[in-house]
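Structural overview for review
The lines below spell out each chain.
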Amino acid sequence: MTDTIFALATPPGRGAIAVLRLSGPGTETALTALGAGGLTPRLASVRSLRHDGRLIDEALILRFVAPRSYTGEDSAELHLHGGRAVIEAASTALIALGLRPAEPGEFTRRAFQNGRMDLAQAEAVADLIDAETEAQKIQALGQLDGALSAAYAGFRRDLLKALSLVEAEIDFPDEEVPDNLARTAGPVLDALAADLRAALADSDRGRRVREGYRIVLIGETNAGKSSLFNALTAREAAIVTPIAGTTRDVLDAELMIGGYAVTLSDTAGLRDSEDPVEAEGIRRARRRAEEADLRLWVRAPGVGQGEDPASAFALADDLQILNKADLGAVVAADGIEALSLSTASGQGLSELHDWIAARLARDLSGADFPAVTRERHRRRLVEALAALEAGRRALDLAPEMAGDDLRRAADALARVTGAIGVEDILGEVFSSFCIGK
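Residues numbered from 1 in each chain as written. Predicted model: local features only at pLDDT ≥ 70, side-chain atom pairs only at ≥ 80, totals over all residues. Heavy atoms only, no water.

Focus on the nonpolar core
Judged by nonpolar contacts, the single largest core of 33 residues is most densely connected at Tyr152, Phe155, Leu159, Leu196, Leu381, Leu388 and Leu413. Not counting the four nearest positions on each side in its chain, Phe155 is found in contact with Leu192, Asp195, Leu196, Ala199, Ala371, Leu381 and Leu413. In this structure, Val209, Leu255, Val262 and Leu319 belong to the second largest nonpolar core, which totals 27 residues. (Core = buried A, V, L, I, M, F, W, Y, C linked by side-chain atoms within 4.5 Å. Buried < 20%, exposed > 50% of the residue type's maximum accessible area, 1.4 Å probe, protein only. Contact = heavy atoms within 4.5 Å.)

Notes on the environment of Arg271
Within the secondary structure, Arg271 is located in the loop between β9 (260–266) and α10 (276–291). Each C-alpha atom of the pair Arg271 and Thr221 lies 7.2 Å from the other, and the pair is 50 residues apart in sequence. (Helix = DSSP H or I, 4+ residues; strand = E, 2+ residues; numbered from the N terminus.)

Quick notes on unusual backbone geometry
In this model, Ala66 is joined to Pro67 through a cis peptide bond whose omega is 0°. Inspection of the secondary structure assignment puts Pro67 in the loop between β4 (54–64) and β5 (75–81). Of note in this structure, Arg42 is not a glycine but carries a positive phi near 65°. Structurally, Arg42 is set in the loop between α1 (27–34) and β3 (45–51).

Re the confidence of the model for the chain
Taken as a whole, the chain shows an average pLDDT of 86; of its residues, 88% reach a score of 70 or greater. Scored below 50 in pLDDT, residues 174–178 shows 1 contact in the model against residues more than four places distant or in partner chains. (pLDDT = per-residue confidence, 0-100.)

Quick look at the sheet that holds β3
The 6 strands lie next to each other as β3-β4-β5-β2-β1-β6, forming an open sheet whose pairing is mixed. Every interior strand has two partners, whereas the edge strands, β3 and β6 (100–101), have only one. Looking at chain direction, strand β1 (residues 5–8) and β6 are connected through 2 bridges and run parallel. Note that in β6 the partner of Ile5 across the bridge is Arg100. (Pairing = 2+ DSSP bridges.)

Regarding helix α8 (residues 203–211)
The set of residues buried in α8 consists of Ser203, Arg205, Gly206, Arg207, Arg208 and Val209. Elements in contact with the buried residues of α8: α5 (134–144), α7 (185–201), β7 (213–218), α11 (349–364) and α12 (375–397).

Topic: the packing of α5 against α8
Contact pair α5 / α8: the axes reach a minimum separation of 8 Å and the direction vectors enclose 120°. The orientation of α5 relative to α8 falls into the category oblique. Regarding α5 and α8, the two cross each other, and that crossing is left-handed. Contact residues: α5 offers Ala135, Gln136 and Gln139, while α8 offers Gly206, Val209 and Arg210. Looking at the contact of α5 with α8, its residues break down into 2 nonpolar, 3 polar and 1 charged. (Axes fitted to C-alpha atoms, helices over the stretch in contact; angles between N-to-C directions. Parallel < 35°, antiparallel > 145°, perpendicular 65-115°, else oblique. Left-handed = near helix turned anticlockwise from the far one by under 90°. Nonpolar A, V, L, I, M, F, W, Y, C, P; charged D, E, K, R; others polar.)

With respect to the environment of Arg392
You can see Arg392 is positioned in helix α12. Aside from chain neighbours lying at most four places away, what touches Arg392 is Gly186, Leu189 and Asp190. At a separation of 3.5 Å, a polar atom in the side chain of Arg392 contacts the main-chain carbonyl oxygen of Gly186. Among the polar contacts listed, one links the side chain of Arg392 to the side chain of Asp190, at a separation of 2.8 Å. (Polar contact = N/O pair within 3.5 Å; in protein donor to acceptor, adjacent residues only side chain to side chain.)

Considering the pairing of β5
Bridging between strand β2 (residues 17–23) and β5 involves 7 bridges; their strand directions are antiparallel. Looking across to β5, one finds that Val19 is bridged to His79. Here 5 bridges tie β4 to β5, and the two strands are oriented antiparallel to one another. Across the sheet, Phe64 pairs through a bridge with Ser75, a residue of β5.

Printed below as a string of structure tokens:
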């Protein structure tokens, strides 16, 4: 990394201020050329920035000296006035001085490569920037602080402890080591396997906090799903008519309930249809219902449970919405919690909101930091557990056969933080970053 990069760290467009970030070995040279050389590190200073004899701006400059910077390199921030002409003039000057525009995530990638953070912490930077709810912020800050990295380091430490017992017996057969030393690794591996299974069982929690909890409205045509969708989103997002089959596609809305991000989906009414457009909408509705974290089964008076195609998708942990309560009673299906509601009068809407908030708190809060916040982490855990279980089986048969499996498990865990095998996953990690971070 011999080149020096720059990027706008504030949103593009007109604003009160704009911050240009610089990083690389040419940072001090560039500052000197602009008329801001020799600044005291970490002390904000006002300087007149000039290039080719022309004033660019009166700017506030912050200089950071390697390795005490975000990237671990010499770096600086130019706090400019936020007009587009100022930003363009400063950018043009930096390019003329040999700097190049940064690629998405390049500042954080350099921070990782210079040892300022591991891969899990780098992912947390992106999550913190994207955080829209308190829960997302807390999870990202915990990961940035090293909670997830510490969890995987603990898994790997236990695994290496077991591996050392196995290899001690193999490598020093003639030395004074206890008989069957390798087999004493069995309880360690059993406990670790239980921890990995628990982490995988809890893997949806981190994903749901980060990406949003998926709630899908299901039910037959004219059950009132779109009216409920509009009531929960507090806007006329879905078209509502008395005509059966009005909704023909999945309509999503992003909400925040109880401090958690929620994706609420309105779907086509479930019924048999020969209309190819409606049939495709129904197919999508069924698929979305199967993928949902929670299904709200909307039912209206006059339709029995056995006559409602949505009954095939509603699970015991879902919620029945006995809708249109102002028009008549709906008999609740056995085994699924029910709530009476009327979107016309507003009856039950507050109770539904509270019920969903309590459900989110139950499913998404936890005493421990989640060991999985991304699909990449889950895949590595699956690999590690499979290799560990293979090693555990080999241990009972021939200890010398267990070593390779246990090393594969340790490698899989190390890939989460980027301790090994990092090149093949850098693109996956940094592709979602914004420019300037």
